[in-house]
Amino acid sequence: MPSLYEFANPVLFERWARPAIPWLAGATALMIFAGLYYALFNSPADYQQGDSVRIMYVHVPAAWMALFCYSVIAISSAVGFIWKHPLADVAAKEAAPIGAGFTFLALFTGSLWGKPMWGAWWAWDARLTSVLILFFLYLGYMAIWRAFDDKARAARLAAILAIVGFVNIPIIKFSVDWWNSLHQPASVFRAGGPSIHPSMLPPLFLMAGAYMSFFGAALLQSMRNELSARRQARLERTDVKAASTLVEQ
Amino acid sequence: MDRADSTAAARLFSARFCAEGVSVSRGGARIVSNISITLEPGDVVILRGPNGSGKTTLLRAFAGLLRIDDGAIRVESAHGSSVSAPVDEPSASLIYCGPQNAAKAALTVDENLRFWAALYDAPEGALETARTAFRLEGYADRLAGALSTGLFRRLGLSRLVLARRPIWFVDEPTASLDASSSETFARYVEDHRAAGGVAVIATHDAFDIAGARKLRLAEEQAA
Amino acid sequence: MDRADSTAAARLFSARFCAEGVSVSRGGARIVSNISITLEPGDVVILRGPNGSGKTTLLRAFAGLLRIDDGAIRVESAHGSSVSAPVDEPSASLIYCGPQNAAKAALTVDENLRFWAALYDAPEGALETARTAFRLEGYADRLAGALSTGLFRRLGLSRLVLARRPIWFVDEPTASLDASSSETFARYVEDHRAAGGVAVIATHDAFDIAGARKLRLAEEQAA
Amino acid sequence: MRGLRAIIARDVTLAFRAGGGSLPAVAFFAVITVLFALAAGPDLTLMSKIAAPIIWTGALFATQISLDQIYRADREDGSLDVIVTTSGELALTAAAKAAAHWLSTGLPLILATPVLAILLNLESEAYLPLLLSLLIGTPGLSLIGSFAAALTVALPRANLLISIIVSPLYIPILIFGAGAAAAGAAGAPQYAANLSLLGAATLFTAVIAPIASAAALRSNMD
Amino acid sequence: MRGLRAIIARDVTLAFRAGGGSLPAVAFFAVITVLFALAAGPDLTLMSKIAAPIIWTGALFATQISLDQIYRADREDGSLDVIVTTSGELALTAAAKAAAHWLSTGLPLILATPVLAILLNLESEAYLPLLLSLLIGTPGLSLIGSFAAALTVALPRANLLISIIVSPLYIPILIFGAGAAAAGAAGAPQYAANLSLLGAATLFTAVIAPIASAAALRSNMD
Ligand code: HEM
Ligand SMILES: Nc1ncnc2c1ncn2[C@@H]1O[C@H](COP(=O)(O)OP(=O)(O)OP(=O)(O)O)[C@@H](O)[C@H]1O
Ligand SMILES: Nc1ncnc2c1ncn2[C@@H]1O[C@H](COP(=O)(O)OP(=O)(O)OP(=O)(O)O)[C@@H](O)[C@H]1O
Ligand SMILES: [Mg+2]
Ligand SMILES: [Mg+2]
């Protein structure tokens, strides 16, 4: 049986990532289609919120993904930092823009939803602000990668930041309970089981599944791009300048 | 430190510095590659090479201030036991004196000296010795920022006196020193080697130490 | 600038620099006093003196960057008419190149050069000339902050090429230059004087220009 | 002219590059605003009342925080020597430095204002007066600020002194500016008067500040 | 120990000398507060509602504005080499740097709070909770901030990046700190809970931040 390290070596990675991508992409398309169908036509309007509740099926899984992607970054960063595994660094790096995208989607749809629900695009409660702040965390993480030419150093520093920033995830998750908030507390993933209407669950989970497989496909593809870009850069660099050596005089 | 003093210190210094196949990159490009050198107690190396050849890079890597790509760096006591490997954990027997002087312009000369003395854990009298070694007595209460270039450099070099470490990496020490200060510095290096110390000195000047090894960093001939 | 070029410029440069009884104080203390000097077109002065003797102070005062207590500084066209007095209104015929290099670490080499070219209103080709004069071609897109000490200094000196001014005050130009770069600089000064330019160069190095006047500031000005 | 344009272009480039000098002031201010709003809690009407003063204070802040750099960085690396010795008329050069500062603090702040205003729940009729007052007033802030920077360029780290020097000089612009924003939002008649006083203050500053800066720079040469 | 004490003493001296590095942040903040009060106009109840959040924001601000200097100045003049090569345990050195930063920003801010609170018309029962929450919370801010400073020390001017990095990390302390101040003023029962969560956050930070800073400094050597 191959060790974890071998499994993750770039050549092997290429061998299993390439065929996986179309499958994941296909799954994404299917689930999006089914999920949107359920969400728009085959689920009840809320007795309070009317049809605007349908934003939920876009919003809630996006918010989940925002948290999930950050966790992926933090875990691969830890692996990359401790075991110095380059693929883990690349995975962390490439997960960031995708996660930032989901975070933005959650913010945007939440804002859209907020206008009819609360009468304002934005409110200063802990849940909303902390997602905004999560967005900053993503930006900071990506900025570190961009700021350094030296990829090895960027990887170490970004990893340190991601690991330290991970403490924020539980705070975002539980901020609704700890802090005065307009936003509703968790009703699906909570102690004591889901508290929302059962008919809302299938489209919610279908959309979540779609987001998940999209994340998988996009991550693998951008990792492949990054790896080949690095190979290219390495090839180009060798002929730039000869390194110095010591000679006795 | 006057000469009798440092010669008496001979028994203190007996460290050997050893680099094997060291390669260093900066900004993603390999700057120096496959450098090996062993310095026995009393060895002084004068390192030359054109601008940009990697002298500063190499010295910083030796001092544990730059990550090396390959190779190994060891500091050993002369009895053979490995004292420490500077990468990730810069050794307490090394000192690097770079082109900047590590002094604060907003502190006086004496305040700077006292700060270093605390960091290097120098004994009581060391401050006095450092002041006289590089003739800074007249400037004790002057803000370092109001020193001339060469005086500021002398302040920077006086760290060597306070630190009393066996292995020195000194980068362009005499760059803006006048002749007599360069002379002072050279004598000070001689005392250091007489005491069993080791030094690598990167320079472009005519600066020389009797009996020093001369090494040159130069671009590898394209193979 | 290659040599033919600058010799062709000979007709341009015909400024005379004249200081009379100049005294300068810094931080309340008199640093140099009663300095008089006249430099005819083609004169080069090598200024030496111990650290802290006031070389930098004097050059900055000459260049109009430091207020003088007493005396007068004049720049005259060789025909005798006074072009300008640098204090309060630094003259367009002077350039001062100090120990700092006036380059921004966060800009690339070329961006720095282009900025200077605009300030000194240099003509089209000057950028290319400046790059080659101090062998910076390979570094055009490198951030100046990632240059080695000597390369950074070369970037700083290339201002002289862009500015094409008749009167130079250059402070420790060769301090961290390798031998061949110092050589380049010396040749460049020779071209300048051949073109009728004037230069005062403060240095501690063995640096020399054939036929240059040697002056010495003697006292170290202690606190 | 070529030199002045180069100075402006360089300073703006530096501000935007690698986390730059003065652009961050705006980001900084935005972050502080977000954190302030979080600390103040979810009371939306309270927020909308203080939105305009907060943004005006932000303008002062973004200006002030980066003043220190206008001349000091150039002095430390020797560029100031070059700038001074090549400038035909030092007051024009000082004006160019102030313009560059405004382009990298005042302007980004004005551009960020609509977003910040949404976050702070500003009422819709208050947008235009706020933006107009900022557009007219912030150049004055940069001009005054660069004068204070010139005055203190020779001091090692002069942030404290700068903020003491600058705050009384900012008062007229702040009073007319915030006054115009408030009056405009309320539809009050003082709106026009405040705006024109604000304009007068900025114009006056545009004449005096560069000359004073040039004099200060000359006195600070050493 | 001797080295750590020397680092703290030196950094505090530098901060207070010649307009220093971080003390001005407090003055700066005080000036901004006064100007904000001026811009917001004479509504005293409005003021008293936002007094505590303003002062907490001020703590963030005063901390953040001076972060940039914690390591960068030392790096630029070469002192960081000396500090790194002489430190027995780099994490302890990082803790000392953070302590010095707190002494020259957090502490002055706390000392200034009573005065600022009067200006902002804070209710009298709100003083103690506010001061207590600041006392417990601000060391955490300095610790987190110095981590961000260590992370970005190699970048030419990283203010923008620092504020982006630091703001998410400040959130827990801000939430619990401002929460404690508000709850304490209102006599609400969450007061004690918020204070102890705040204490826990600061303690946790005191363990993590120096280690993370040391790792960042090591990665940034060049
Ligand atoms: C920009 C504004 C908003 C942001 C940043 C935001 C953020 C979030 C986050 C992070 C979650 C995930 C919670 C978890 O897994 O524990 C979430 C879930 C949710 N949000 Fe929002 N939200 C916003 C606006 C809204 C609005 C206006 C509504 C509707 C009133 C809403 C309704 C929900 C619901 C129903 C959930 C699912 C809770 C659950 O079942 O776990 N959100 N939101
Ligand atoms: N931070 C950096 N990032 C990228 N490249 C760098 C960096 N610092 C130095 N370099 C490059 O590394 C090479 C070696 O630089 P180094 O400073 O070691 O040269 P040196 O031999 O000390 O030169 P000098 O005699 O001019 O001091 C140069 O080409 C330089 O431009
Ligand atoms: N800003 C200042 N304030 C007060 N004194 C100063 C200031 N700058 C320099 N000095 C003092 O003026 C004297 C002359 O300094 P200057 O820099 O001119 O010397 P120099 O001849 O250039 O020396 P070096 O060879 O070291 O460069 C020195 O004693 C110096 O300490
Ligand atoms: Mg070097
Ligand atoms: Mg000098």
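Details of the structure are given in the entry above.
Residues numbered from 1 in each chain as written. Chains lettered and ligands numbered in written order. Predicted model: local features only at pLDDT ≥ 70, side-chain atom pairs only at ≥ 80, totals over all residues. Heavy atoms only, no water.

This part takes up empty space enclosed by the protein. Using the criterion set out here, one finds 8 cavities of 30 Å³ or more in the structure. The space that makes up the largest cavity amounts to roughly 270 Å³. When residues of the lining of the largest cavity are traced back to their parent elements, those giving at least two are α2 (23-40) and α3 (44-76) of chain D together with α2 (23-40) and α3 (44-76) of chain E. (1 Å grid on protein atoms, 1.4 Å probe; cavity = no way out; pocket = protein on both sides within 12 Å on 5 of 7 lines; lining within 4 Å. Points joined across faces, edges and corners; volume = space filled by probe spheres on them. Helix = DSSP H or I, 4+ residues; strand = E, 2+ residues; numbered from the N terminus.)

Attention now moves to the pattern of salt bridges. On inspection of all chains with the given rule, the structure shows 44 salt bridges over all chains. One salt bridge connects R74 of chain C with E76 of chain C, and the closest N-O pair in it is separated by 2.9 Å. Judged by relative accessible area, which is 10%, E76 of chain C ranks as buried. The partner of K97 of chain E in a salt bridge is D11 of chain E, with the nearest N and O atoms 2.8 Å apart. Taken together, the residues span a long stretch of sequence, with K97 of chain E in helix α5 (residues 90-104) and D11 of chain E in helix α1 (residues 2-16) at a distance of 86 residues. (Salt bridge = Lys/Arg side-chain N within 4 Å of Asp/Glu carboxyl O. Buried < 20%, exposed > 50% of the residue type's maximum accessible area, 1.4 Å probe, protein only.)

It is worth spelling out the interface of chain A and chain B at this point. On the side of chain B, 22 residues touch chain A, which itself brings 12 residues to the contact. Together, the buried faces of chain A and chain B total about 1,700 Å²; carbon and sulfur atoms form 52% of this surface. It is S244, L246 and Q249 of chain A that lose the most area in chain A upon contact with chain B, and together they represent 37% of the buried surface on that side. Taken together, the connections running from chain A to chain B amount to 0 salt bridges. Between chain A and chain B we count 5 residue pairs in polar contact (both at pLDDT 80 or more) in total. (Contact = heavy atoms within 4.5 Å. Buried area = accessible area lost by both parts, 1.4 Å probe. Polar contact = N/O pair within 3.5 Å; in protein donor to acceptor, adjacent residues only side chain to side chain.)

Residue and element names in this part refer to chain C. Strands sit in the order β6-β7-β8-β3-β9 across an open sheet of 5 strands; the sheet is parallel. The strands lining the two open edges of the sheet, one partner per strand, are β6 (94-97) and β9 (213-216). Ignoring strand direction, the axes of neighbouring strands in this sheet form an average angle of 15°. Relative to strand β8 (residues 198-202), strand β3 (residues 44-48) runs parallel, the two sharing 4 bridges. Across the sheet, L47 pairs through a bridge with A202, a residue of β8. (Pairing = 2+ DSSP bridges. Axes fitted to C-alpha atoms, helices over the stretch in contact; angles between N-to-C directions.)

Residues and elements named next belong to chain A. Taken together, the side chains of L36, Y37, Y38, L40 and F41 make up a nonpolar region of the molecular surface, amounting to roughly 510 Å² of accessible area. Mapped onto the secondary structure, L36 falls in helix α2 (residues 10-41). Owing to a relative accessible area of 34%, L36 belongs among the partly exposed residues under this scheme. (Patch = residues over 30% accessible without salt bridge, like charges linked within 9 Å, V, L, I, M, F, W, Y side chains within 5 Å. Areas by Shrake-Rupley, 256 points an atom, 1.4 Å probe, with all protein chains shown as cover.)

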